[in-house]
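Here is how the chains run, residue by residue.
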Amino acid sequence: MGYRTLRECVDALAATGQIVCIEEPVDARLEAAEIHRRVYQAGGPAIYFANIVGCRFPMVSNLFGTIGRARYLFRDTLNAVRRLVELKADSAAFWKQPTRYLPAGRLALAMRPRQVRTGPILANQTTIGQLPQQVSWPDDGGAFITLPQVYTEHADHPGLGRSNLGMYRVQLSGGQYKPDHEVGLHYQIHRTIGVHHEAALRRGVPFRVNVFVGGPPAMMLAAVMPLPENVSELAFAGALGGHRVPMIVRDGELAIHAQTDFCITGVVDPERRLPEGPFGDHLGYYSLTHDFPVLRVENVYHRDGAIWPFTVVGRPPQEDTIFGRLIHEITGPLIPTVIPGVHAVHAVDAAGVHPLLLAIGSERYTPHGEVTRPQELLTQANAILGQGQLSLAKYLWLAAKGDDPQLDIHDVSAFLQHVLARVEWGRDLHFHTCTTMDTLDYSGTGLNEGSKLVIAAVGAPRRELATQLPSEMRLPEEFRNPHLVLPGLIVLEGPPCDDDRQRQLELLERLCSELDETDVQARGVALVVVVDNSEFAARTVNNFLWVTFTRSNPALDVHGAGAFVADKHWGCRGPLVIDARSKPHHAPPLVPDPEVTRRVDRLAARGGPLHGIL
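My aim in this report is to walk through the structure given alongside it, one point at a time. On a predicted model such as this, the values are computed, not experimentally measured, just so you know.

1. A few points about a negative patch on the surface
Here comes step 1: On the surface, D499, D500, E506 and E509 cluster together to form a negatively charged patch.
Here comes step 2: By secondary structure assignment, the location of D499 is in the loop between β25 (489–493) and α14 (501–517).

2. Let's talk about the environment of G361
Here comes step 1: Tracing the backbone through its elements, the reader meets G361 in strand β20 (residues 356–361).
Here comes step 2: Separated by 18 residues in the primary sequence, G361 and H343 place their C-alpha atoms 5.5 Å from one another.
Here comes step 3: In this structure, G361 is in contact with G341, V342, H343, L377, Q380, A399, A400 and K401, ignoring residues within four places of it in sequence.

3. Here's the deal with the sheet that holds strand β1 (residues 19–22)
Here comes step 1: Ordered by their spatial adjacency, four strands build an open sheet running β1-β2-β3-β18, and the pairing between neighbours is mixed. Strands with a single pairing partner mark the edges of an open sheet, and in this sheet they are β1 and β18 (308–310). Here the average twist between neighbouring strands, direction ignored, is 20 degrees.
Here comes step 2: Bridge count between β1 and strand β2 (residues 46–49): four bridges; the pairing is parallel. Looking at the pairing, I19 lines up with A46 of β2.

4. Focus: the sheet that holds strand β26 (residues 527–531)
Here comes step 1: In space, the five strands of this open sheet follow the order β24-β25-β26-β30-β27, with mixed pairing throughout. Looking at strand neighbours, the two that pair on one side only are β24 (480–486) and β27 (558–560), the edges of this open sheet. Neighbour-to-neighbour, the strand axes of the sheet open up by a mean angle of 25 degrees, direction not taken into account.
Here comes step 2: Bridge count between β26 and strand β30 (residues 576–579): four bridges; the pairing is parallel. Within the sheet, the bridge partner assigned to L527 lies in β30 and is L576.
Here comes step 3: In the packing of helix α16 (residues 541–550) onto the sheet, the strands contacted are β24, β25, β26 and β30, and the crossing angle to β26 comes to about 75 degrees.

5. Brief notes about helix α18 (residues 594–603)
Here comes step 1: Restricting attention to buried positions, one finds in α18 the residues V596, V600 and L603. Along the axis of α18, the buried residues cluster in a sector spanning 40 degrees; they form a single face. More than 90 degrees from the buried face of α18, the exposed residues found are P594 and R602.
Here comes step 2: Looking at the buried side of α18, the elements it contacts are α2 (31–41).
Here comes step 3: Two or three places before E595, at the start of α18, stands the capping residue D593, its side-chain oxygen 2.8 Å from that residue's backbone nitrogen.

6. Let's talk about the pairing of strand β14 (residues 262–276)
Here comes step 1: Pairing of strand β11 (residues 207–213) with β14, which is carried by seven bridges, proceeds in the antiparallel orientation. Considered in β14, the bridge of R208 is made with V267.
Here comes step 2: The pairing of β14 with strand β17 (residues 290–302) spans eleven bridges and is classified as antiparallel. Across the sheet, the residue bridging to V268 is L295, located in β17.

7. Focus: the pattern of salt bridges
Here comes step 1: Summed over the entire model, instances satisfying the criterion amount to 31 salt bridges.
Here comes step 2: We note a salt bridge from R250 to E253, for which the minimum N-O separation is 3.4 Å.
Here comes step 3: Judged by its relative accessible area of 27%, R250 is partly exposed.
Here comes step 4: One salt bridge in this structure joins R581 and D579, with 2.9 Å as the shortest N-O distance. When sorted by exposure, R581 lands in the same class as D579, which is buried.
Here comes step 5: In the salt-bridge network here, residues are joined through shared partners; they are E34, R37, R38 and D601.

8. Comments concerning the packing of aromatic side chains
Here comes step 1: Scanning the model with the defined rule gives 13 aromatic pairs in all.
Here comes step 2: When the ring of Y151 is compared with that of F212, the centres are 5.8 Å apart and the planes differ by 25 degrees; the resulting orientation is stacked. Placement of Y151 in strand β7 (residues 148–152) and of F212 in strand β11 is noted, with a sequence separation of 61 residues between them.
Here comes step 3: Accessibility expressed as a relative area gives 0% for F212, which makes it buried.
Here comes step 4: Chaining the aromatic ring pairs together yields one cluster made of F57, F262 and W308.
Here comes step 5: The ring of W137 carries R37 above its face, with NZ or CZ at 3.8 Å from the centroid.
Here comes step 6: Directly above the ring of W546 sits R551, whose terminal nitrogen or CZ lies 5.0 Å from the centroid.

9. Overview of the nonpolar core
If you look at soluble globular proteins, the nonpolar side chains tend to sit buried side by side.
Here comes step 1: If you look at the biggest cluster of nonpolar residues, it comprises 57 residues, and the most contacted ones within it are L63, F74 and Y151.
Here comes step 2: Of all the elements in the fold, those that place two or more residues in this core are α1 (6–15), β2, α3 (67–73), α4 (78–89), α8 (217–224), α9 (233–241), β12 (246–248) and α10 (319–331).
Here comes step 3: Considering every element that reaches this core, the biggest residue donor is α8, with six residues.
Here comes step 4: Contact partners of L63, with chain neighbours within four places excluded, come to L6, C9, L13, A46, R69, L73, M220 and E319.
Here comes step 5: In this structure, I128, L131, V170 and V211 belong to the second largest nonpolar core, which totals 51 residues.

Conventions used here
- Residues numbered from 1 in each chain as written.
- Predicted model: local features only at pLDDT ≥ 70, side-chain atom pairs only at ≥ 80, totals over all residues.
- Heavy atoms only, no water.
- Patch = residues over 30% accessible without salt bridge, like charges linked within 9 Å, V, L, I, M, F, W, Y side chains within 5 Å.
- Areas by Shrake-Rupley, 256 points an atom, 1.4 Å probe, with all protein chains shown as cover.
- Salt bridge = Lys/Arg side-chain N within 4 Å of Asp/Glu carboxyl O.
- Lys, Arg positive; Asp, Glu negative; His and termini not counted.
- Charge placed at Lys NZ, Arg CZ, Asp CG, Glu CD.
- Helix = DSSP H or I, 4+ residues; strand = E, 2+ residues; numbered from the N terminus.
- Contact = heavy atoms within 4.5 Å.
- Pairing = 2+ DSSP bridges.
- Axes fitted to C-alpha atoms, helices over the stretch in contact; angles between N-to-C directions.
- Buried < 20%, exposed > 50% of the residue type's maximum accessible area, 1.4 Å probe, protein only.
- Arc of directions from axis to C-beta.
- Polar contact = N/O pair within 3.5 Å; in protein donor to acceptor, adjacent residues only side chain to side chain.
- Phe/Tyr/Trp six-rings, centres within 6.5 Å; stacked < 30°, edge-to-face > 60°.
- Lys NZ or Arg CZ within 6 Å of the ring centre and 35° of its normal.
- Core = buried A, V, L, I, M, F, W, Y, C linked by side-chain atoms within 4.5 Å.

Structure follows, in structure tokens:
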């Protein structure tokens, strides 16, 4: 039941024709990543790189590249894990259908990690420089581990039970790191590793960190699961893998996963932080260079026949999109138990995940009367923004289930139209200013600094959304090329944005004034988004989502026709206007190296290993 090693997983994929082996030499710098991205976009198989230039270790990627393959990897346990989650949401369900939940009960026995004294991972030692030096994007600051499992324990509660296994990127080379002796640890706000780090500093004890690379796929998925701080990812990995996770526990040392392929052990230097990055990240831009903790490397272990797994992040969708889908399939039933009244929450992958959340809730405050304005939805919005990684959300759109019980939260186009038809811009905008923002989002006022906007809509439709551009709409001469993306939603081009904030505000005020004077909202226009390239933004809904929600900071970039402030509440008569142009302080977007692209094209030519896949 389940895979105990990465090699078992790779062999199973090979036996079922779900992996392609590339024997030709492949460079870990840019080329492997380009191959991965192209194969993923084509919906292709997992990829085994047998011959990495200048490195003796093979690499594998795209293991989770399709939802079908991801489900296949956990085919023996996935349904039972879902049953465990159902029982967590409703323990009484067991007595209603005990036979349905018996497999889940057996699987629960696998959730306790197993302590061992040694294991395959301790067979060999190497150095950081001999590991695969994978670089994904041309301007990355060095080589990174992109599927790390970073293991830490809480200084106040040491041991496996309160440990944390997280996927926090690790920079292996470049920058100011001492080769073979130091690596960089990047972790964002609201991560459990930060809690562990703070506890170690407070107690004055060394903060030890082990970085696992490889091992069974259950450990990789466990590292990205949004679990509560007091729940160990090792327990989840045991359930999903179908067996207890073997951890090497020895006096004075941090535990090591016995079946992982590689393990870097070390201590975080309490006195030093070094520039980490840049790194091409999952919003589709580079995360820039900032000071982050430094891990002093003590040992680099690897098992016999070790395989180095990796992934590539960038503008979604990428392989991590599948992680998100799988996590939602597993944890979806828990949402109503964690946040009463909330039926579903969707972090929109196409918008970069954290920039945009959609949610469906219930309005139960007036059960015997007509609900004419958001009430309980606003309470639920605060609860959502107080939940773990959901707290990093920048835009949160909420709808009431009673207005359309069939509304599908994953049909983003339909959801946006549902809200736009009902929203009252003078009342239904709720800003959180001078607050935290996702570390990777550069639309804010500084690192981790920005704002949030809650848009909640309830009741019958207030307007019929326009299905074509209103002929009466006038635009200032600086704005042009309007396109209808969805009914009621227009994008148009504005002049390039510069550092003259006052000038930019005056331009947008003129636009809002024209929209107000021509009363385009009465003609069904509810939202206008200003972009750099309106044809690109309107070409697909995914383009619109990516541009709009990654390139705007609500408190600075949301405007509106007929704007006003009443009792410190900002609103507008409408339509709402979002400035989603690239700003001078934004991070640059990710662009592949054209020469590397041409090399990969040759692998896809007739006779090449990727022919018929790309």
